[in-house]
Amino acid sequence: MPCRLVEDGGRLVVCDDARAELAGGSLSSVEISARVGRIPRRITFPDGSLFETGENDAIDRFLAHKGRGREGIVHRLERFHPRLIAFVAATLLLGVLVYRVALPALVEVAVAVTPPILPQIMSASTLETMDRTVLGPSKLEEALRGRILNGFRRIAALSEGGEAAYTLNFREGGPVGPNAFALPDGTLILTDELVDLADGDTEMIVGVLAHEIGHVEHKHSLRQIYRAAGVAALIMLIAGDIGSGAEDVLVQGGGLLALSHSRAAEAEADRHSVELMIKAGLDPTAIARFFELLEAKLHDRSKTSIFSTHPGTPERRKAIMDLIAATRRD
Amino acid sequence: MALVESLPAQGIGQDSFGRAAQGNVQRLSFTGSGSEYFGIWIVNILLTIVTLGIYSAWAKVRRNRYFYGNTVLLGRGFEYHATGGQILIGRLIVFAYLILYNVLLTFVPLAGMALLLLLLCFVPWLVARGLRFSARVTSYRNVRFDFVGRAGGAFLAFIVGPVLASLTLGILVPLASRWVYRYIGNNLRYGKKAFSTDPSIGTIYKSWAISAAIIILGLLIIGFVAFLNVAIVVTAMESPDLLPAEMQASLVVLMAIGYVLFFAIFGVAALVYRAGVRNVAWSAATFDGKHRLLSDLSRPRYAWIGISNFVVTLVTLGLMRPWAAVRMARYVNEHTGVRFDGDVGEIFSAIAQEGSAVSAEFMDIEGFDFGF
């Protein structure tokens, strides 16, 4: 109902047109809501009665008069004003800082505190899902498998976790094609198609497996997952509401992103392969031979692009040869 | 009597807002503006970063107060009463539980596994508590909402439902939607009066069928275009040298477009479904057994607003998000209403007389902030 808010001595009083008091209380016992945009202010009296008004400016003047002007500081910052341009610039700058500094730091902390059982659970469920959907049982002959396993044990024994930390699984790739990949707990999967592609060159396959061991040792999958999750979580926390569409894309996109290793991670795993092969007394150029083969058989001559997660094949081969040359010089 | 300022207060409006009233339909409206919200939004982000995330609890309060306060029915806005402190405490409790969980999982893996089972019970409880909190901090005409749902219902609606829906590749999604709307709609209270809803599964499936058709048709079109180009793609794979460079480039662009289209199809289908289910569930809902709620979103229009909002937000690096949020809120509000049975003035004064089921003393100290 229409009424007026007046100050009467030290009290705030609401009265109707006939000046009869409807509610009142001392200024300190009355709750005046903070200003947000143009939404009506609420003045709540000790007895629970409520006075609502759209006259935000008048309330602000009244509060300033009473020495309570500081309560409105957030609203004054929020007002549509050229100052907001500076806020946008500062936000963008800080956003870049968060992405470059805070995110990697958070990822490292998360990797450090991850309970060891977590990667095991994750890997077991991933392998089971892949077995159910795309992968089939291997059709390789026993002798060939034995040769590959021998080479694999040799390099696994020389890696940080030791032989026990890694298990090699043979599978028929199906739609995955010639491929080898590592799950975060040290489970490696090698497809028959890749073995066929190698055409009896066991050392080359071992070189590829050394690359996958590199991914495990550097915890690339875990980092990638945390990175994707961290980006999504930070954006949602900082921006508050970003719309359900953008949220879905972040969550789903983050999942897709987590599946692929970044280019830097690939280069790191390549280096790991070279080092491990040298240590094992095997040919360190094995992984480079694999890229050569890829180039020849699959015509993968693509240059590195921002769309791809793997560096361009010729580029990678060159980087590996350079590394071997440098290692031999030392 | 010292008359410092005389402030006219808003009277209880009895005229109808928005659309012409059919019978006694009162529509919601949204009175906020993009530019006004922009200031609130950017200051929220800036202060959240500067305070290392702590301000986000207060940011949520300001954002919700803005949106609730500008959601107007019969000339009066809704109110959001949560404080930043409540929300911060709620978040800290969840955070502490996660830390405890991780520590136990590291040092005593078995206890950690037991905690995982506990977490399964904990999540529905958290959802129910969060919904109760959200309801209790919301008021309209100085009368609070309340939520009386229990953890069991939350378990069915928010855990069993999504799992069933994904296991059946989306075929049981309507069942899950129905559980969610029934759980929320039948447990919501305003003052001492109850809301109730029972959307029929058949009508939800009608909405679902439209979305399913969009997905199937869209995928068929993408598949057909891909099939037409299969010769070029195969050539590109077998011997890329045969193809001129421009053609290779355009092939990459084509694949990128296909990828975007793929996601757009699912996005449109999801939006169309969401609008359809909302219409069904709201229109099946009543308040106090006689006042009917109503929602008449146009599916294409809702999907268009959702998609264009997303694109505009993306290309402006998020800077147009406030505009997009206000635009969506306005559209949704204007297509939501209540058909009151009787004189609205009398209805609301009766509810106000009864008072709220929850008084301020029974408010939660902690706020698990799950919106609804």
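Data block above holds the structure.
Described in the following lines is the structure provided in the data block. All values derive from a computational prediction rather than experimental measurement.

Structural notes on the overall build of chain B
Turning to step 1, where the next piece is worked out: On a plain count of helices and strands, chain B comes out with twelve helices and ten strands.
Turning to step 2, where the next piece is worked out: Looking at the 372 residues of chain B, the share that counts as buried comes to 45%.
Turning to step 3, where the next piece is worked out: When the accessible surface of chain B is split by element, carbon and sulfur atoms take 72% of a total near 18200 Å².

Let's talk about the sheet that holds strand β2 (residues 11-15) of chain A
Residues and elements named next belong to chain A.
Turning to step 1, where the next piece is worked out: Reading across from one edge, β1-β2-β3 is the order of the three strands in this open sheet, with antiparallel pairing throughout. Every interior strand has two partners, whereas the edge strands, β1 (4-8) and β3 (21-26), have only one. Across this sheet, the average inter-strand angle for adjacent strands is 25 degrees, counted without regard to direction.
Turning to step 2, where the next piece is worked out: In the sheet, β1 pairs with β2 via five bridges, with the strands oriented antiparallel.

Points about the packing of aromatic side chains
Residues and elements named next belong to chain B.
Turning to step 1, where the next piece is worked out: Evaluated as defined, the whole model comprises 24 aromatic pairs over all chains.
Turning to step 2, where the next piece is worked out: Taken together, a centroid distance of 5.4 Å and an interplanar angle of 80 degrees make the contact between Phe147 and Tyr183 edge-to-face. Of this pair, Phe147 sits in strand β5 (residues 143-147) while Tyr183 sits in helix α6 (residues 173-187), and the two are 36 residues apart along the sequence.
Turning to step 3, where the next piece is worked out: Residue classification places Phe147 among the buried positions, given a relative accessible area of 3%.
Turning to step 4, where the next piece is worked out: A relative accessible area of 7% places Tyr183 in the buried class.
Turning to step 5, where the next piece is worked out: Measuring from ring centre to ring centre gives 5.4 Å for Tyr205 and Trp208, while their planes differ by 75 degrees; the resulting arrangement is edge-to-face. Taken together, the residues Tyr205 and Trp208, both in helix α7 (residues 201-228) and three residues apart, mark about one turn of the helix.
Turning to step 6, where the next piece is worked out: For Tyr205, a relative accessible area of 26% corresponds to the partly exposed category.
Turning to step 7, where the next piece is worked out: Among the aromatic residues, those joined into a ring-pair cluster are Phe78, Tyr140, Phe145, Tyr190, Phe195, Phe287, Phe340 and Phe348.
Turning to step 8, where the next piece is worked out: Here the guanidinium or amino end of Arg141 rests over the ring plane of Phe348, the centre of that ring lying 4.7 Å away.

Quick notes on the interface of chain A and chain B
Turning to step 1, where the next piece is worked out: If you look at the interface, chain A gives 64 residues, while chain B gives 61 residues.
Turning to step 2, where the next piece is worked out: Summed over both partners, the interface of chain A with chain B buries about 5300 Å², with 63% contributed by carbon and sulfur atoms.
Turning to step 3, where the next piece is worked out: Across the contact surface, chain A and chain B share four salt bridges.
Turning to step 4, where the next piece is worked out: Glu36 of chain B is the salt-bridge partner of Arg38 of chain A, the closest N and O atoms lying 3.0 Å from each other.
Turning to step 5, where the next piece is worked out: The interface formed by chain A and chain B holds seven residue pairs in polar contact (both at pLDDT 80 or more) in total.
Turning to step 6, where the next piece is worked out: At the level of secondary structure, the elements contributing two or more residues to the side of chain A that touches chain B comprise β1, β6 (50-53), α1 (56-65), α2 (73-78), α3 (83-113), α4 (117-133), α8 (220-239) and α9 (244-259) of chain A.
Turning to step 7, where the next piece is worked out: Per element, the largest residue contribution to the side of chain A that touches chain B is nine residues, and it comes from α3 of chain A.
Turning to step 8, where the next piece is worked out: Within the side of chain A that touches chain B, the residues separate by chemical class into 37 nonpolar, 13 polar and 14 charged.

Details of helix α2 (residues 56-69) of chain B
Residue and element names in this part refer to chain B.
Turning to step 1, where the next piece is worked out: Taking 1.5 Å as the rise per residue, α2 with 14 residues should run 20 Å; its terminal C-alpha atoms sit 19 Å apart, in good agreement.
Turning to step 2, where the next piece is worked out: Burial of α2 is extensive: twelve of the 14 residues sit out of reach of the surface.
Turning to step 3, where the next piece is worked out: Within the span of α2, buried status applies to Ser56, Ala57, Ala59, Lys60, Val61, Arg62, Arg63, Asn64, Arg65, Tyr66, Phe67 and Gly69.

Observations regarding the pattern of salt bridges
Turning to step 1, where the next piece is worked out: Under the definition given, this model contains 21 salt bridges over all chains.
Turning to step 2, where the next piece is worked out: One salt bridge connects Arg41 of chain A with Asp60 of chain A, and the closest N-O pair in it is separated by 3.1 Å. Residue Arg41 of chain A is located in strand β5 (residues 41-44), and its partner Asp60 of chain A is located in helix α1; the two are separated by 19 residues in the primary sequence.
Turning to step 3, where the next piece is worked out: With a relative accessible area of 2%, Arg41 of chain A lands in the buried category.
Turning to step 4, where the next piece is worked out: For Arg136 of chain B, the salt bridge is made with Asp146 of chain B, and the minimal N-O distance between the two is 2.8 Å. A residue pair is termed long-range when its members are at least 10 positions apart, and Arg136 of chain B in helix α4 (residues 109-136) and Asp146 of chain B in strand β5 qualify at ten residues.

Cut-offs and rules
Residues numbered from 1 in each chain as written. Chains lettered and ligands numbered in written order. Predicted model: local features only at pLDDT ≥ 70, side-chain atom pairs only at ≥ 80, totals over all residues. Heavy atoms only, no water. Helix = DSSP H or I, 4+ residues; strand = E, 2+ residues; numbered from the N terminus. Buried < 20%, exposed > 50% of the residue type's maximum accessible area, 1.4 Å probe, protein only. Areas by Shrake-Rupley, 256 points an atom, 1.4 Å probe, with all protein chains shown as cover. Pairing = 2+ DSSP bridges. Axes fitted to C-alpha atoms, helices over the stretch in contact; angles between N-to-C directions. Phe/Tyr/Trp six-rings, centres within 6.5 Å; stacked < 30°, edge-to-face > 60°. Lys NZ or Arg CZ within 6 Å of the ring centre and 35° of its normal. Contact = heavy atoms within 4.5 Å. Buried area = accessible area lost by both parts, 1.4 Å probe. Salt bridge = Lys/Arg side-chain N within 4 Å of Asp/Glu carboxyl O. Polar contact = N/O pair within 3.5 Å; in protein donor to acceptor, adjacent residues only side chain to side chain. Nonpolar A, V, L, I, M, F, W, Y, C, P; charged D, E, K, R; others polar. Expected span 1.5 Å × (residues − 1).

All we've got here are geometric facts, nothing functional implied.
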